[in-house]
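Observations on the three-dimensional arrangement
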Amino acid sequence: MKGNNRTLWIVALLCAVVAMAATTGVGQNVTSVLEIEPEVAGLGMAGAVGSRAGHVESLFYNPAGLASLEGFSLTSFYSSQWGESNYSAFGAAISGWSLGYMMFSSGDIQGRDDSGSPTETLRYRNSAALLAFGLGENLLPFLGSLPVDLSIGGRVKFVSTSFGETEGSGVSVDLATQIGFNPIRAGGFSISDLRIGVVMLDLFGRVNYDGYTESFGMDLRAGFSAELFDALVIGFEFGPLGTIHLGVEYSVIEILAIRAGMLSLSDVFTFTVGLGFD
């Protein structure tokens, strides 16, 4: 059984990234919990990991990447922002199929009326249960005749949200694909594990509240990743809300990796760094 990487982080940077993601997501649309990076390796690369394959975390980013996952894998993550908010994510996968759960909850939020006077104290909670799959040539043999490594995937999201006494729930569906290319080697230069990934988010679905409904709104997440010189992984993605993710991972030795990334959102730039042991 392969667990999540045991990762040592610069705590201030990790908290800043999670706090920023929570702040930009919560209250803007019904899928805010799905916009927070759900695992520490992805945080280190600023979320630019959606085109990588063979990891249980593909459940959260691009489910087509589950197609090349072998055996049984688990991942988990928890973060608490000084008691103001809590975020957790859990995932399990076996042979291309995966289940996951994500939850974000706030501390007490002071309500105010139109004049600015305090009213009741409220709490916000947003959670999502995930069912995902990835299919490759092991299950769809005709894909093996293609000149590229093509995999397809899908994800069903069961979302629940509450703010004070207002509660809602709904279902949404994503479709995804990944395309892998043959390695390129010339002299001392090499490119391997070159992959392009695309996820079509929220193709249909809505959240139902008492008396009204709210649409998820379709969106797209796409990018690429590659490994250079068999040691340096680079990733680039653009995602919902106009986010841009750029990340790198350098393997110092087989069990030690240094990660760094940049996240751009609405002309605000956030930089991340991490040190991982596998």
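Throughout this description, residue numbers start from 1 for each chain and increase along the sequence as written. In keeping with the predicted nature of the model, local features appear solely for residues at pLDDT of at least 70, side-chain atom pairs appear and are counted solely at 80 or more, and the whole-chain, interface and lining totals rest on all residues. Hydrogens and water molecules were not included; the side-chain quantities draw on all heavy atoms of the structure.

**Quick word on the overall build of the chain**
Applicable threshold: Numbered from the N terminus, helices here are DSSP runs of H or I no shorter than four residues, and strands are runs of E no shorter than two. Relative accessible area decides the class of each residue, using a 1.4 Å probe on protein chains only: under 20% of the type maximum gives buried, over 50% gives exposed, and in between gives partly exposed. Throughout, a contact is declared for two residues whenever any of their heavy atoms are within 4.5 Å. Using a 1.4 Å probe, the Shrake-Rupley method yields the accessible areas, and only the shown protein chains count as cover for residues.
A tally of helices and strands in the chain yields two helices and 17 strands. Within the chain, the fraction of its 278 residues that count as buried is 48%. Once local pairs closer than 6 in sequence are excluded, the contacts in the chain between residues at least 24 apart make up 53%. Here the chain has roughly 13,600 Å² of accessible surface; of this, 63% comes from carbon and sulfur atoms.

**Examining the environment of Ala-64**
You can see Ala-64 is positioned in the loop between helix 2 (40-44) and strand 2 (72-80). A sequence separation of 68 residues divides Ala-64 from Ala-132, and the C-alpha atoms of the two residues are 8.8 Å apart. When residues no more than four places from it in sequence are discounted, the contact partners of Ala-64 are Phe-133, Gly-134, Ser-151, Ile-152, Gly-153, Ala-176, Thr-177 and Gln-178.

**Examining the pattern of salt bridges**
Quick note on the threshold: One side-chain nitrogen of Lys or Arg within 4 Å of one carboxyl oxygen of Asp or Glu is enough to make a salt bridge.
For the structure shown, the criterion picks out eight salt bridges. Salt-bridge contacts for Asp-149 lead to Arg-195; the nearest nitrogen and oxygen are separated by 3.3 Å. Separated by 46 residues along the polypeptide, Asp-149 in strand 8 (residues 149-163) and Arg-195 in strand 11 (residues 189-209) bring together distant segments of the chain. For Asp-149, a relative accessible area of 39% corresponds to the partly exposed category. With relative accessibility at 8%, the residue Arg-195 sits in the buried group. A salt bridge links Asp-174 to Arg-155; its shortest N-O distance comes to 2.9 Å. Separated by 19 residues along the polypeptide, Asp-174 in strand 9 (residues 166-180) and Arg-155 in strand 8 bring together distant segments of the chain. Both residues of the pair, Asp-174 and Arg-155, count as buried. By sharing partners, the salt bridges in this structure join Arg-155, Lys-157, Asp-174 and Asp-202 into a single network.

**Some thoughts on the pairing of strand 15 (residues 244-253)**
Selection rule: The pairing criterion for strands is at least two bridges between them, as found by DSSP.
Two strands pair when backbone bridges link them, and strand 14 (residues 232-238) and strand 15 are joined in this way by seven bridges, in the antiparallel orientation. Bridged to Leu-232 within strand 15 is Tyr-250. What sits between the antiparallel neighbours strand 14 and strand 15 is a turn of five residues, in which Leu-241 has the positive phi angle 65°. One ladder, built from nine bridges, connects strand 15 with strand 16 (residues 256-265); its direction is antiparallel. Bridging across to strand 16, Ile-253 finds its partner in Leu-256. Here strand 15 hands over to strand 16 after two residues, the two strands then running antiparallel side by side.

**A few points about the confidence of the model for the chain**
It should be kept in mind that the predicted coordinates are not to be read in detail where pLDDT is low. Note the threshold: The score called pLDDT rates the predictor's confidence residue by residue, from a low of 0 to a high of 100.
Overall, the predicted model of the chain reaches an average pLDDT of 83, with 88% of residues at or above 70. The least confident element of the chain is strand 1 (residues 6-9), whose mean pLDDT is 33; the most confident is strand 14, at 95. Confidence over residues 1-31 falls short of pLDDT 50; this stretch has 79 contacts with residues more than four positions distant or in other chains.

**What about the environment of Asp-193?**
Inspection of the secondary structure puts Asp-193 in strand 11. Residues Asp-193 and Arg-52, 141 residues apart in the sequence, show an inter-C-alpha distance of 8.2 Å. In contact with Asp-193, other than residues within four places in its own chain, are Ser-225, Ala-226 and Glu-227.

**Digging into the side chain of Ser-190**
Using the following cut-off: Whenever two N or O atoms come within 3.5 Å, that pair is a polar contact, provided that in protein one can donate a hydrogen and the other can accept it, and provided that, for residues adjacent in sequence, both atoms are side-chain atoms.
With respect to the element layout, Ser-190 can be found in strand 11. By relative accessible area, Ser-190 is classed as buried at 5%. Within polar-contact distance, the side chain of Ser-190 engages the side chain of Arg-185 at 3.5 Å. Not counting residues within four places of it along the chain, the set of residues in contact with Ser-190 comprises Ile-184, Arg-185, Glu-227, Leu-228, Phe-229 and Asp-230.

**Remarks on the nonpolar core**
As a rule of thumb, soluble globular proteins bury nonpolar side chains together. Where we set the bar: The set of buried Ala, Val, Leu, Ile, Met, Phe, Trp, Tyr and Cys residues whose side-chain atoms join them within 4.5 Å is what this entry labels a nonpolar core.
Grouped together as the largest cluster of nonpolar side chains are 27 residues, with contacts concentrated most on Val-33, Phe-60, Tyr-87, Met-102, Phe-104 and Leu-130. Looking at this core, the elements with two or more residues in it are helix 2, strand 3 (85-94), strand 4 (97-106), strand 7 (124-135) and strand 11. At four residues, the largest contribution of residues to this core is made by strand 7. Ignoring any residue separated from it by four or fewer positions in sequence, one finds Phe-60 in contact with Pro-38, Thr-75, Ala-89, Phe-90, Gly-91, Met-102, Leu-130 and Arg-155.

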